[in-house]
Structures are given as structure tokens and as C-alpha cells.
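Coordinates in review
The chain contents come next:
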Amino acid sequence: MAEEICAAVRTTSQSHVELSSLCKLYPDVKALYDLTLTVNRGEFFSLLGPSGCGKTTTLRLIAGLDCLSEGSIAIDGTLVSSPTYFMPPEKRGVGIVFQDYALFPHMTVFENVAFGLYGSPKAAVAKRVSELLGLVGLAAAAQKYPHEMSGGQKQRVALARALAPAPRVMLLDEPFSNLDAELRAALRSETKEILRDSGTTVILVTHDQEEAFSLSDRVGLLNCGKLEQVGTPYEIYHHPATRFVADFVGRADYLAARVEGSTVVSGLGRFALSSTERQGSADVDLLIRPDDVSIADDPSGTAVITEVRFLGAHALYTLQLDNGSVLHSQGLSAHLLPPYTRVAVTVNMRHTVVFAKQA
């Protein structure tokens, strides 16, 4: 039976991890609904979504830390999990880095990294550990214990330990969430470079949009156990498939508008539709991002600034339009406009996205 299922899920050489119609049922909740996804060889893929949406459940199913209820998982074209077949975690060729790193406190850095190489010749273990500690910049810390290290150093040790057995797939479970903002940004870049050099296929789960966008080749957005959209960071942000996606990956404002043929007409102008799927005639909500909106000081303008948030290089303005609508505009902060300034509003719509009008 396992061989028949395995033959059915074999993939092309480009596909590395294939999830087919995954469902995960718990006694009181359905955590995943019919999730189908392919991650390509050498790809850095992120599962993005709010807490409780099924990200970590998906990771645990791939790793073999949990059993699925329906569907199948294949790695390198080989079945690893289905309702009738379960390959043990240690045979899947998968490494995992947890949010809390899960280092052994009584072991040195060297011993932690070597843990997954148990049974290999000592000389080979020493060589592999030395290579990995050099790769993560901790060659001088081999004899230290976890309690002697910073959060960033612990994260590197956890990464080296996961890489030690040369896994085919690396799973990252929000590994940067316990770090301060500056260190988090630096380690993201370092981790991406290390994993690129290793040639490993990576699946990251995170609730942080910036993290997913800055690291990933592609992103899958989960919502309540369902995959809402898969695409490049650019596609996810500029061409959201659903209103949930639009709201989750950036500030989203909506203007009442109407589709007229191949254009959409709003109180701020007429714009060409980016696709033909809604051409015709219909009332819609027009998605507008802050970076679409430009403002200029103008006593006869059609909006008033009601709030200014200084963000360093940029400022975020909240605008009250004369028709009652609220928009946001992001601009350079060098020439900051104060609250209650009346402004002219210009919308530079590069990507016209509309959704069915909400009641």
C-alpha cells in the first residue's frame, strides 16, 4: 500500500517537499484544511500568518513530530507520511530549529552540534563540527556552555546543530522571535547566507511580514488552517488574492468605487484595472496602500491631516477626506507636515486591486 501511495506522489526533480491535501484534526479543532503546497529544491519558503493559523502544525507534520489526519507528504519524491504510512523523523532527512533553540544546557557547544552525529567516527565528527562552527562564526566558542552565550549565539549553535547531519530540508520555527530588533535583522541576513551556502531547502514559519518578505523566495499565507495565497513577496503585497491577505501584509485602506468596463472609478480618480476578471459593471472596494498616496500642502485641498507618525526616514500620515473616507500616506520625513494641515491628495496607482464591496 505504501509503495502505491509513494508512486502517486512522486514529483519532478525541481520539487523537493510536496504537501498534498493535508488535514489535521484535533479533538476540538480542525487545524489544517486541505493544504496543498510544493516547495522547490533549494528554495527559501515562508509560511506566514497569525498565531493559531496552522503554521507550526504544518512544520511538525513535515518533521514527523505529529501524524496527519488526511493527505500525504513527500520529500524528494519519497512518501514520508499519510494516514496509512509514517516514516520516523530521524529517517526523513529534516533538520529543525525551534523558537527556544532547545539546546542541551549540560553540553558544550561542541557537544550540542555533534549530538546529531552520534555513531559517526570521532575524527569525522570533529571535522564536521569544526566546519559548522566556522560557518556560523563560533569557532572559538566550542567549549562554552549555552548559559555563557547570548541569544544570537545560541541561535547560531542551534542552526549549526540542525545542519550537522546535512539535512535535505531545514525547518525554522520562528527562530528570531526572542531576539531584539537590531540583532534579529542581522541574524536574518546571516542565517539566509549560511543556508544558501549549504544548498538546503528551507521552510520558515513566522507571523512577521518583514521577516517573511526579506528572507523568502516565495511566501504562503495561512489563515485559520487554509492557504489563502502563495507567491513571491512582490506578488503577495501588490497583488493580494483576498482581502485577508491585503490586510495582513501591510496597511490597507479601501475606497468605495465602481467598475466601469476596464476601469475603476473612485472619488480620487479613474484607474485602469490590472486584470480583466472584474471588468463589466459592479460596486467594489478599491485597495489603496500608503505608498500609493502622495500629499502636498494646499489650502484648497480635499483632505486634512489628522495624525502624523514619525518613523525615522519616513512619516505616516492619516488623512480625513472631505467625503468622510480615511486614507494613509507614507512619505519622506525630511519635510514633515504637521497635523491639521489641509492637503491635496494624489493617488499613483501602479497596481489596481479591487474586492467585492463589503456591506
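Note that the coordinates shown come from a computational prediction; the quantities given were computed from them, not determined experimentally. (Residues numbered from 1 in each chain as written. Predicted model: local features only at pLDDT ≥ 70, side-chain atom pairs only at ≥ 80, totals over all residues. Heavy atoms only, no water.)

A word on the overall build of the protein
- Along the protein, the regular secondary structure elements total nine helices and 21 strands.
- Principal-axis analysis of the C-alpha atoms places the extent of the protein at approximately 80 × 50 × 40 Å.
- Looking at the protein as a whole, 47% of its 359 residues are labelled buried.
- Long-range pairs, those at least 24 residues apart, make up 64% of the contacts in the protein between residues at least 6 apart in sequence.
- When the 32 basic and 39 acidic side-chain charges of the protein are each reduced to a single mean position, those positions are 3 Å apart. (Helix = DSSP H or I, 4+ residues; strand = E, 2+ residues; numbered from the N terminus. Buried < 20%, exposed > 50% of the residue type's maximum accessible area, 1.4 Å probe, protein only. Contact = heavy atoms within 4.5 Å. Lys, Arg positive; Asp, Glu negative; His and termini not counted. Charge placed at Lys NZ, Arg CZ, Asp CG, Glu CD.)

A short note on helix α2 (residues 55-63)
- Buried residues dominate α2, accounting for seven of its nine residues.
- Along α2, the residues that are buried comprise K55, T57, T58, L59, L61, I62 and A63.

So, the pattern of salt bridges
- Throughout the structure, instances matching the rule amount to 16 salt bridges.
- K357 is the salt-bridge partner of D285, the closest N and O atoms lying 3.7 Å from each other. Highlighted residues: D285 in strand β15 (residues 280-288) and K357 in the segment after β21 (354-356), separated in sequence by 72 residues.
- Overall, the relative accessible area of 43% leaves K357 in the partly exposed class.
- Across the pair D322 and R342 runs a salt bridge whose closest N-O atoms are separated by 3.2 Å. Taken together, the positions of D322 in the loop between β18 (314-321) and β19 (326-332) and R342 in strand β20 (residues 342-347) put the pair 20 residues apart, joining distant regions of the chain. (Salt bridge = Lys/Arg side-chain N within 4 Å of Asp/Glu carboxyl O.)

A short note on the layout of surface pockets
- Reported here for the largest pocket is a volume of approximately 580 Å³.
- Together, 18 residues line the largest pocket, and V94, G95, I96, G116 and P165 are the ones closest to its centre.
- Counting residues per element, the ones that place at least two in the lining of the largest pocket are β7 (94-97) and α5 (151-163).
- For the lining of the largest pocket, the leading source of residues is β7, giving three residues.
- Split into classes, the residues belonging to the lining of the largest pocket amount to 13 nonpolar, three polar and two charged. (1 Å grid on protein atoms, 1.4 Å probe; cavity = no way out; pocket = protein on both sides within 12 Å on 5 of 7 lines; lining within 4 Å. Points joined across faces, edges and corners; volume = space filled by probe spheres on them. Nonpolar A, V, L, I, M, F, W, Y, C, P; charged D, E, K, R; others polar.)

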